[in-house]
Amino acid sequence: VKCILKGFKSSTTTVFYCLSNNNALYKSTNNGLTWTLQSNLPEDAWDRLEVSLTDPAVVYTGGVNAFRSLNSGSSWSMITGGWSAYYGDPATKLHADIMQIQSFRKSDNTEFTAVTCHGGYYISYDKLATVSNKSLLNLNTAQTWDHITDRSNNDIMYIGSQDQGIQVGRGANTAGVMDFV
């Protein structure tokens, strides 16, 4: 049995979660002595499991789509309407293929959650009720599958990128990072 273990600890509360075989979530409130099945996940989780740093009942998971639970994994809701919503609003909708979900604290103790996926890098300050795509501008990232330089103008390069289609960049003859559209 494969188990991804995550937890929450405060001065009064300790909660552990175990994602078993990417499809079942278990919870322990007695330091792992006993475990209770919370639910079977809506889809395979791809080893992705995270717990809020400020609320032990808020749990996130993701595979093709991302999900969150506000009740310790008893029920789940798809984050931002699922990956197909991305194409209508890439600034505020998650793309498919969730690669990482992780919660952090800023120096002022504000919690934020970062999500990486095949559509870029997203930030949320409201426990993934909403997300903001930080990779739309000035973050030159793509998983490139193939590239070619324009035969009639070697300053133009075309790339095919994972889930982002064909992109064109100008400045192939210039040193530095190229911008692609």
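Right above here is the structure, for reference.
These remarks concern the structure in this document.

Parameters and conventions
- Here, residues in each chain are numbered from 1, in the same order as that chain's written sequence.
- Owing to the predicted nature of the model, reporting of local features is limited to residues with pLDDT of at least 70; listing and counting of side-chain atom pairs is limited to 80 or more, with chain, interface and lining totals taken over all residues.
- For side-chain calculations, the full set of non-hydrogen atoms in the structure is used, while hydrogens and water are omitted.
- Strands were regarded as paired on the criterion that DSSP finds at least two bridges between them.
- Secondary structure follows DSSP: runs of H or I at least 4 residues long count as helices, runs of E at least 2 residues long count as strands, and numbering of each begins at the N terminus.
- Helix axes use the C-alpha atoms of the stretch in contact, all axes being lines fitted to C-alpha atoms, and the angles between their N-to-C directions lie in the range 0 to 180 degrees.
- Each patch groups residues whose relative accessible area exceeds 30% and which form no salt bridge, using 9 Å between like charges and 5 Å between nonpolar side chains of Val, Leu, Ile, Met, Phe, Trp and Tyr.
- Accessible areas in this description were obtained via Shrake-Rupley with a 1.4 Å probe; residue shielding takes into account the shown protein chains only.
- Salt-bridge detection follows one rule: a side-chain nitrogen of Lys or Arg within 4 Å of a carboxyl oxygen of Asp or Glu.
- Any residue under 20% of the maximum accessible area for its type is buried, any over 50% is exposed, and the rest in between are partly exposed; the area is computed with a 1.4 Å probe on protein chains only.
- Two residues form a contact once any of their heavy atoms are found within 4.5 Å.
- Two cysteine sulfurs form what is called a disulfide whenever their separation falls within 2.5 Å.

1. Side note on the sheet that holds strand E14 (residues 156-161)
Part 1 of the argument: Taken together, 3 strands build an open sheet; the order of strands is E13-E14-E15 and the sheet is antiparallel. The sheet is open, and its two borders are formed by strand E13 (144-149) and strand E15 (165-170), each paired with just one other strand. The average angle at which neighbouring strand axes cross in this sheet is 20°, direction not considered.
Part 2 of the argument: Looking at chain direction, E13 and E14 are connected through 5 bridges and run antiparallel. When the bridges of E14 are listed, Asp146 appears paired with Gly160.

2. Points about a nonpolar patch on the surface
Part 1 of the argument: Taken together, the side chains of Trp46, Val64, Trp83, Tyr87 and Met99 define a hydrophobic patch exposed on the protein surface, amounting to about 450 Å² of accessible area.
Part 2 of the argument: Note that Val64 resides in the loop between strand E6 (59-62) and strand E7 (66-69).
Part 3 of the argument: For Val64, a relative accessible area of 31% translates into the label partly exposed.

3. Notes on the environment of Val64
Part 1 of the argument: Between the C-alpha atom of Val64 and that of Ser74, which follows or precedes it by 10 residues, the distance is 20 Å.
Part 2 of the argument: Not counting chain neighbours up to four residues away, the residues in contact with Val64 comprise Glu43, Trp46, Trp83, His95, Ala96, Asp97 and Ile98.

4. Considerations on the pairing of strand E10 (residues 111-117)
Part 1 of the argument: With respect to burial, E10 is a largely interior element, 6 of its 7 residues being buried.
Part 2 of the argument: Here 7 bridges tie strand E9 (residues 98-105) to E10, and the two strands are oriented antiparallel to one another. Opposite Gln100, over in E10, you have Thr116 as the bridge partner.
Part 3 of the argument: Counting the residues in the hairpin turn of E9 and E10 gives 5 residues, including Asn109, whose phi is positive at 75°.
Part 4 of the argument: Note: E10 against strand E11 (residues 120-124), 5 bridges, orientation antiparallel.

5. Details of the state of the cysteines
What we call a disulfide is simply a covalent bond connecting the sulfur atoms of a pair of cysteines.
Part 1 of the argument: One pass over the full model with this rule turns up 1 disulfide.
Part 2 of the argument: One disulfide in the model links Cys3 with Cys18; its S-S distance is 2.2 Å. Taken as a pair, Cys3 in strand E1 (residues 3-9) and Cys18 in strand E2 (residues 14-20) lie far apart in primary sequence, 15 residues in all.
Part 3 of the argument: Residue Cys3 is classed as partly exposed on the basis of its relative accessible area, which comes to 40%.

6. Things to note about the sheet that holds strand E8 (residues 77-78)
Part 1 of the argument: In space, the 4 strands of this open sheet follow the order E5-E6-E7-E8, with antiparallel pairing throughout. One side of each edge strand has no neighbouring strand; the edge strands of this open sheet are strand E5 (49-51) and E8.
Part 2 of the argument: Both E6 and E7 contribute to a ladder of 4 bridges, which runs antiparallel. Paired with Thr61 across the strands is Phe67, a residue of E7.

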